[in-house]
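Summary of structural features
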Amino acid sequence: MDHQRAGDMGQAWGRVTGWLEQHGPDVLAALGGPGSRAALYEAELRMGLRLPRQMRQWLLANDLDAGRQPHSGSGLVALGCPGVVPGGGLLLGLVDIERVYFHKTALEETAPSGDGDCPSWRRAWVPILSERDGAYGKFVDTSTGAVGSWSEGSFPEVSEYVSLSAFFQDVADQLEGAPWGDRSGPGGARRLAPRPEDEPVRLWARANGYLVNDRGRVPAAVREAYEASR
């Protein structure tokens, strides 16, 4: 897909939840219901920042931590949801977002691991996906809306996706491009090699404004639109 398109948050997240409704209803149920504007506002006050519009839209649509609290002795990510993002990691609700945010911020401020120009963590970064111990994950840069990633032992990737909706469009492309049973790793989908016979569909999709993923099969919805146009 084209990571440089900001896109529509509702449409992108709807593709993810629509696929889960058909192929992973248990995972969809674990995403919980709508979030709370009051809870978002209070979390912003505690973190001392303003969440980007798309991140607020996403958390208001589904906050998997709404009404839940971690058990005593829980790990860093206490309530995260596996099985949504291909490649692994736990999608975070608001409670875990704060837990990981303050953990990463404290680590950077007490024992910096980067340098002045490229720190390993910035206060403007808010996590949305993480391994249970916080060693790897993805974040939204609240100053730009872009999505990046961090991993222990390497410098962060600051702008992998131009927006949260672009990230979820890629997640949906991967989910639609690989059968639910064809997965590797915890909650991960294997990236399938592009098929040469799909190239005409990909060229048509790009020319007509459809988001496609060059690392897997063409989503069924795009293929159907291509066939209908002929």
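Now for a description of the structure that goes with this document.

Taken N-terminus to C-terminus, the directions of helix H3 (residues 37-47) and helix H4 (residues 53-61) make an angle of 135°; their axes are 10 Å apart at the nearest point. By the angle between their axes, H3 is oblique relative to H4. Note on packing geometry: the crossing formed by H3 with H4 is right-handed. Counted together, Arg37, Leu40 and Glu44 of H3 and Arg56, Leu59 and Leu60 of H4 form the full contact between these two elements. Here the residues of the contact of H3 with H4 sort into three nonpolar, no polar and three charged.

What follows deals with the pairing of strand E2 (residues 125-130). Burial of E2 is extensive: six of the six residues sit out of reach of the surface. Across two bridges, the pairing between strand E1 (residues 90-91) and E2 is antiparallel. If you follow Leu90 over to E2, its bridge partner there is Ser130. In this structure, E2 lies alongside strand E3 (residues 136-141), joined through five bridges in antiparallel fashion. Looking at E3, one finds that Ser130 is bridged to Gly137. The turn joining E2 and E3, which pair antiparallel and follow one another in sequence, is formed by five residues; a positive phi near 80° is taken by Gly134.

A few words on the environment of Val77. By secondary structure assignment, the location of Val77 is in the loop between H4 and E1. Overall, the relative accessible area of 0% leaves Val77 in the buried class. Sequence separation between Val77 and Leu90 is 13 residues, and the spatial gap between their C-alpha atoms is 8.0 Å. Beyond its immediate stretch of four places on either side in the chain, Val77 contacts Leu90, Leu92, Asp96, Val100, Ser130, Glu131 and Arg132.

What follows covers H3. Those residues of H3 lying buried are Leu40, Ala43, Glu44 and Met47. Projected down its long axis, H3 carries its buried residues within an arc of 100°, all on one side. Where H3 begins, the side chain of Ser36 points an oxygen toward the backbone nitrogen of Ala38, at a separation of 3.2 Å. At the exit of H3 stands Gly48, carrying a positive phi of roughly 70°.

A ring pair, where both rings are aromatic, is described by two values, the distance of the centres and the angle of the planes. A complete count under the given rule lists ten aromatic pairs for this structure. Measuring from centroid to centroid gives 5.5 Å for Trp58 and Phe168, while their planes differ by 50°, and the two rings are tilted. Taken as a pair, Trp58 in helix H4 and Phe168 in helix H6 (residues 164-177) lie far apart in primary sequence, 110 residues in all. For Trp58, a relative accessible area of 2% corresponds to the buried category.

About the thresholds
Residues numbered from 1 in each chain as written. Predicted model: local features only at pLDDT ≥ 70, side-chain atom pairs only at ≥ 80, totals over all residues. Heavy atoms only, no water. Axes fitted to C-alpha atoms, helices over the stretch in contact; angles between N-to-C directions. Helix = DSSP H or I, 4+ residues; strand = E, 2+ residues; numbered from the N terminus. Parallel < 35°, antiparallel > 145°, perpendicular 65-115°, else oblique. Left-handed = near helix turned anticlockwise from the far one by under 90°. Contact = heavy atoms within 4.5 Å. Nonpolar A, V, L, I, M, F, W, Y, C, P; charged D, E, K, R; others polar. Buried < 20%, exposed > 50% of the residue type's maximum accessible area, 1.4 Å probe, protein only. Pairing = 2+ DSSP bridges. Arc of directions from axis to C-beta. Polar contact = N/O pair within 3.5 Å; in protein donor to acceptor, adjacent residues only side chain to side chain. Phe/Tyr/Trp six-rings, centres within 6.5 Å; stacked < 30°, edge-to-face > 60°.

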